[in-house]
Amino acid sequence: MRVLIVEDDPMIGASLVRGLTDEGYVVDWVHDGAQAETALQNGANEFHVALLDWGLPRKSGIEVIRHIRRAGNNIPVLVITARDSLNDRVLGLDQGADDFLVKPFELAELKARIRALVRRHSGRVKPELKTAVLSLDTTSRTVTRDGRRIQLTAREYALLHALMQRPGTLLSRAQLEARIYGWADSVESNAIEFLLHGLRQKIGGEQIENVRGIGWRVATGP
Ligand code: CA
């Protein structure tokens, strides 16, 4: 899961990056509203959710929301605000924000809200992703095959999560890289194949299909 953090406070930003990275999220951090717009323009489909501070230099949170919604970007946006102002919330929601969280907040609540937003955005009701054989629980971050728990690394989990979000849909190498690596990660040219190799050994080689020259998809049948 890739998260864009837009936060100008260095302490809060750093603690968000640390907290979410520790949980296996891929996190990128920008520090003002103008950078946020650029990041969301260039990577509209890469981030699953944006955490947007309300009070930002150069462009405010509300201006960022207006801008990206006008541009047709429907990424889930969770606004983080220092004060709980009814007017701010009404204005923000009306302009296209999806949820609000007031500082200070617990990481557990932030993560639960992120999961809920991403779930709703993808049209799912339950926290599990399933194929005929595999089940991925986004709450506990666990994967089972025929009910048996499988231990995955954080990257393997992220890769399988990307594939299982749309079972049967082919994802290219570039699409997979965009979903599981952040800007700061240096990605070797064969990194995805290497990860897929390890993942297949754990979940069963037939569970991930390759269409040569196009990409990979998770098997939907038994
Ligand atoms: Ca701020």
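Scoring rules and cut-offs
- Residues numbered from 1 in each chain as written.
- Predicted model: local features only at pLDDT ≥ 70, side-chain atom pairs only at ≥ 80, totals over all residues.
- Heavy atoms only, no water.
- Core = buried A, V, L, I, M, F, W, Y, C linked by side-chain atoms within 4.5 Å.
- Buried < 20%, exposed > 50% of the residue type's maximum accessible area, 1.4 Å probe, protein only.
- Helix = DSSP H or I, 4+ residues; strand = E, 2+ residues; numbered from the N terminus.
- Contact = heavy atoms within 4.5 Å.
- Salt bridge = Lys/Arg side-chain N within 4 Å of Asp/Glu carboxyl O.
- Polar contact = N/O pair within 3.5 Å; in protein donor to acceptor, adjacent residues only side chain to side chain.

(A) The nonpolar core, seen in detail. Counting residues in hydrophobic clusters, the biggest one holds 27 residues, and the most contacted among them are Leu160, Leu163 and Leu176. Secondary structure elements with two or more residues in this core: β7 (134-137), α6 (154-165), α7 (173-180), α8 (191-203) and β11 (215-218). Sort the elements by how many residues they give to this core and α6 lands first, with seven residues. Those residues in contact with Leu176 that lie beyond four places of it in its chain are Leu159, Ala162, Leu163, Leu171, Ile192 and Trp216.

(B) Quick look at the pattern of salt bridges. In the structure shown here, the tally under the stated rule is 16 salt bridges. Between Asp32 and Arg58 there is a salt bridge; the shortest N-O distance is 3.1 Å. Of this pair, Asp32 sits in the loop between β2 (26-30) and α2 (33-42) while Arg58 sits in the loop between β3 (49-53) and α3 (61-70), placing them 26 residues apart in sequence. One salt bridge in this structure joins Glu156 and Lys202, with 2.7 Å as the shortest N-O distance. Taken together, the residues span a long stretch of sequence, with Glu156 in helix α6 and Lys202 in helix α8 at a distance of 46 residues. Through salt bridges with shared partners, one network takes in Arg2, Asp28 and Glu46.

(C) Representation of the environment of Ile62 within the structure. Take Ile62: it is sitting in helix α3. Taking the relative accessible area as the measure of exposure, Ile62 reaches 11% and is therefore buried. Along the primary structure Ile62 and Pro167 are separated by 105 residues, whereas in three dimensions their C-alpha atoms are 35 Å apart. Those residues in contact with Ile62 that lie beyond four places of it in its chain are Trp54, Leu91, Gly92 and Gln95.

(D) Expanded view of the side chain of Lys103. Tracing the chain through its elements places Lys103 in the loop between β5 (99-102) and α5 (107-121). On the accessibility criterion, Lys103 (18% relative accessible area) is buried. Reaching out from Lys103, the side chain makes a polar contact with the side chain of Glu7 at a distance of 3.4 Å. Those residues in contact with Lys103 that lie beyond four places of it in its chain are Glu7, Ile12, Asp53, Ile80, Thr81 and Ala82.

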